[in-house]
Amino acid sequence: MARSVLVTGGNRGIGLAIAREFARAGDAVAVTYRSGQPPEGLFGVRCDVTSTADVDAAFGKIEAEHGPVEVLVANAGITRDTLLPMMKEETFTDVIDANLTGAYRVAKRATRGMLKLKRGRIVLISSVVAMLGSAGQSNYAASKAGLIGFARSVARELGSRGITVNVVSPGFVETDMTAELDEAYQEQIRKNIPLGRYASTQEIARVVGFLAGEDAAYITGAVIPVDGGLGMGH
Ligand code: NDP
């Protein structure tokens, strides 16, 4: 039977590839989007994950359309890069609010339905920089590292209810987020990646699909790197 799947930030980039992967497998997929139009062929709900009211309203619409969310992918995320001495407090807290507290908001709301269903899959999209660190990204890396502690705690809370919580840690992926980086810096990054290239969005999406599928039934609290070897050793 088609599962009710929600991918936050599923209107573009990695999130869209994840949403398309679930749709291809026959699931009923909803995505959140903030502006513009929802992607064709997917059920789009307008939602800013920094707003609890938005999150609650989005879940209400999805539940009415597809039933309770059984697979949640918390993918929405932002960067606001700057070195610490220049980083304004709101530049730090805005990134935490979107990336970490946003994941808390959607995961908390999703567990309401999952606890009743007695099953569920939660996948959080972190980053290789969570463990590696990244100059100019102390806010982003802190938010992404926070997701790991959050996931592992919730995995312990919900394991007995048939709910798994896992983290996917992409390295550099071909998206708008990385297109913003200057070409010389991108070349330097590629040199440090054992596989010598960025990931495609599909390569991240397939791992998320695996974690949400039957074959991953006994995996919870795991952090799966999909980074071409960039983060090896962490
Ligand atoms: P993009 O910048 O291409 O897309 C980000 C998505 O998140 C968009 O759909 C955006 O919506 C949404 N979003 C951002 N803030 C909010 C918010 N407050 N409420 C709702 N939606 C929001 O990013 P990527 O596809 O590259 O990244 C997706 C995830 O993967 C992020 O969590 C990112 O940190 C992570 N990641 C990316 C890597 C990369 O190399 N690209 C590497 C490692 C991790 P909108 O279109 O409305 O702005």
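Predicted model, so just to flag it, every value in this text is computed and none were measured. (Residues numbered from 1 in each chain as written. Predicted model: local features only at pLDDT ≥ 70, side-chain atom pairs only at ≥ 80, totals over all residues. Heavy atoms only, no water.)

## Examining the site of the ligand
Selection criterion: Here a residue is near a molecule or strand as soon as one of its heavy atoms is found within 4 Å of it. In protein, a polar contact means a hydrogen-donor-capable atom and an acceptor-capable atom, both N or O and within 3.5 Å, with residues adjacent in sequence counting only if both atoms are side-chain atoms; elsewhere, any N or O pair within 3.5 Å suffices. In these tables, accessible area is a Shrake-Rupley quantity obtained with a 1.4 Å probe, and a residue counts as shielded only by the protein chains included in the view. The pocket and cavity definitions rest on a 1 Å grid over protein atoms only: a 1.4 Å probe that fits but cannot leave marks a cavity, an open set with protein on both sides within 12 Å along at least five of seven lines marks a pocket, and residues lining either have an atom within 4 Å of a point. Assignment to a cavity or pocket requires that more than half of a molecule's atoms be within 2 Å of the site's grid points. A helix here means a DSSP run of H or I that spans at least four residues, while a strand means a run of E at least two residues long, and both kinds are numbered starting from the N terminus.
In the region of the ligand, 28 residues are neighbours, and Asn-11, Arg-12, Arg-34, Asn-75 and Tyr-140 sit closest. Between the ligand and Gly-77, the relevant distance is 3.4 Å, taken from an oxygen atom to a main-chain nitrogen or oxygen of the residue. Note that an oxygen atom of the ligand is positioned 2.7 Å from one of the side-chain N or O atoms of Thr-175. In isolation the ligand exposes 890 Å². Once the protein is present, 95% of that is buried. Under a 2 Å grid-point criterion requiring more than half of the atoms, the pocket assigned to the ligand is the largest pocket. Contributions of two or more residues to the shell around the ligand are made by helix H1 (13–24), helix H5 (138–158) and helix H6 (176–179).

## Describing the packing of H1 against helix H8 (residues 201–211)
Note the cut-off: All axes here are fitted lines through C-alpha atoms, helices being fitted over the stretch that makes contact, and every angle between N-to-C directions spans 0 to 180 degrees. Orientation is classified from the angle alone, with under 35 degrees giving roughly parallel, over 145 giving roughly antiparallel, 65 to 115 giving roughly perpendicular, and any other angle giving oblique. Handedness of a helix crossing follows the sense of rotation of the near helix relative to the far helix, less than a right angle counterclockwise being left-handed and clockwise being right-handed. The contact definition used throughout considers only heavy atoms, calling two residues in contact when any of these lie within 4.5 Å. All residues other than Ala, Val, Leu, Ile, Met, Phe, Trp, Tyr, Cys, Pro, Asp, Glu, Lys and Arg, Gly among them, are scored as polar; the first ten of these are nonpolar and the last four charged.
The geometry of H1 relative to H8 is characterised by a closest axis approach of 8 Å and an angle of 50° between their N-to-C directions. Classified by the angle between their axes, H1 and H8 sit oblique to one another. The handedness of the crossing between H1 and H8 comes out as right-handed. Of the residues in H8, those in contact with Gly-13, Ile-14, Ala-17, Ile-18, Glu-21 and Phe-22 of H1 are Thr-201, Gln-202, Ile-204, Ala-205, Arg-206, Val-208 and Gly-209. Looking at the contact of H1 with H8 residue by residue, the class counts come to seven nonpolar, four polar and two charged.

## Concerning empty space enclosed by the protein
In this approach the atoms are scanned with a rolling probe the size of a water molecule, which exposes any empty space left behind. In plain terms, the rule: Grid points are joined across faces, edges and corners, and a volume is the space filled by probe spheres set on the points.
The tally for this structure, following the rule as stated, stands at one cavity of 30 Å³ or more. Each pocket or cavity is described by its volume, and for the largest cavity that value is around 50 Å³. Around the largest cavity, the lining residues are Thr-8, Val-49, Ala-74, Asn-75, Ala-76, Ala-98, Asn-99, Gly-102, Ala-103, Val-106, Ile-125 and Leu-147. Of the residues that constitute the lining of the largest cavity, the class distribution is eight nonpolar, four polar and no charged.

## Describing the UniProt feature "domain: Ketoreductase" (unreviewed entry) in the chain
To be explicit about the condition: UniProt positions are given in the numbering used here, feature names are shortened, and annotations may be inferred rather than shown by experiment.
The feature "domain: Ketoreductase" (unreviewed entry), as given by UniProt, occupies residues 3–171 in the numbering adopted here. Secondary structure content for residues 3–171 is 48% helix and 19% strand, while the C-alpha to C-alpha distance between its ends is 28 Å.

## Observations regarding the side chain of Thr-111
For Thr-111, the location among the structural elements is in helix H3 (residues 89–117). Within the structure, Thr-111 has its side chain in polar contact with the backbone oxygen of Lys-108 (distance 2.7 Å). Sequence-distant contacts of Thr-111, defined by excluding residues within four places in its chain, comprise Ile-122 and Leu-158.

## Comments concerning H1
Inclusion rule: Expected span, for any helix, means 1.5 Å times one less than how many residues it has. Per-residue accessibility, obtained with a 1.4 Å probe over protein chains only, is compared with the maximum for each type, and a residue is labelled buried under 20%, exposed over 50%, and partly exposed between these values.
Taking 1.5 Å as the rise per residue, H1 with twelve residues should run 16 Å; its terminal C-alpha atoms sit 17 Å apart, in good agreement. Taken residue by residue, H1 has Ile-14, Gly-15, Ala-17, Ile-18, Ala-19, Glu-21 and Phe-22 as its buried positions. Structurally, H1 contributes buried residues whose contacts are with strand S1 (4–7), strand S2 (28–33), strand S4 (71–74), strand S5 (120–125) and H8. One or two steps after H1, the chain reaches Gly-26, where phi turns positive at roughly 95°.

## Focus: unusual backbone geometry
Phi angles above zero are rare outside glycine, and Lys-118 is one such case at about 65°. Inspection of the secondary structure puts Lys-118 in the loop between H3 and S5.

## Remarks on the sheet that holds S2
Filter applied, for reference: The pairing criterion is simple: DSSP has to find at least two bridges between the two strands.
One open sheet holds the seven strands; their spatial order is S3-S2-S1-S4-S5-S6-S7, and the pairing between them is parallel. Both outer strands of the open sheet, strand S3 (43–46) and strand S7 (223–226), are each paired with one neighbouring strand and no more. Within the sheet, the average angular offset between the axes of one strand and its neighbour, ignoring direction, is 20°. One ladder, built from four bridges, connects S1 with S2; its direction is parallel. Its bridge partner lying in S2, Val-5 is registered against Val-29.

## Looking at the pattern of salt bridges
Just so we agree on the cut-off: A pair is scored as a salt bridge if a Lys or Arg side-chain nitrogen falls within 4 Å of a carboxyl oxygen belonging to Asp or Glu.
Inspection of every chain in the model, using the stated rule, returns eleven salt bridges. The closest approach of N and O atoms between Glu-63 and Arg-109, which form a salt bridge, is 3.0 Å. In this pair, Glu-63 is assigned in helix H2 (residues 52–66) and Arg-109 in helix H3, connecting sequence segments 46 residues apart. One salt bridge connects Glu-183 with Arg-190, and the closest N-O pair in it is separated by 3.6 Å.

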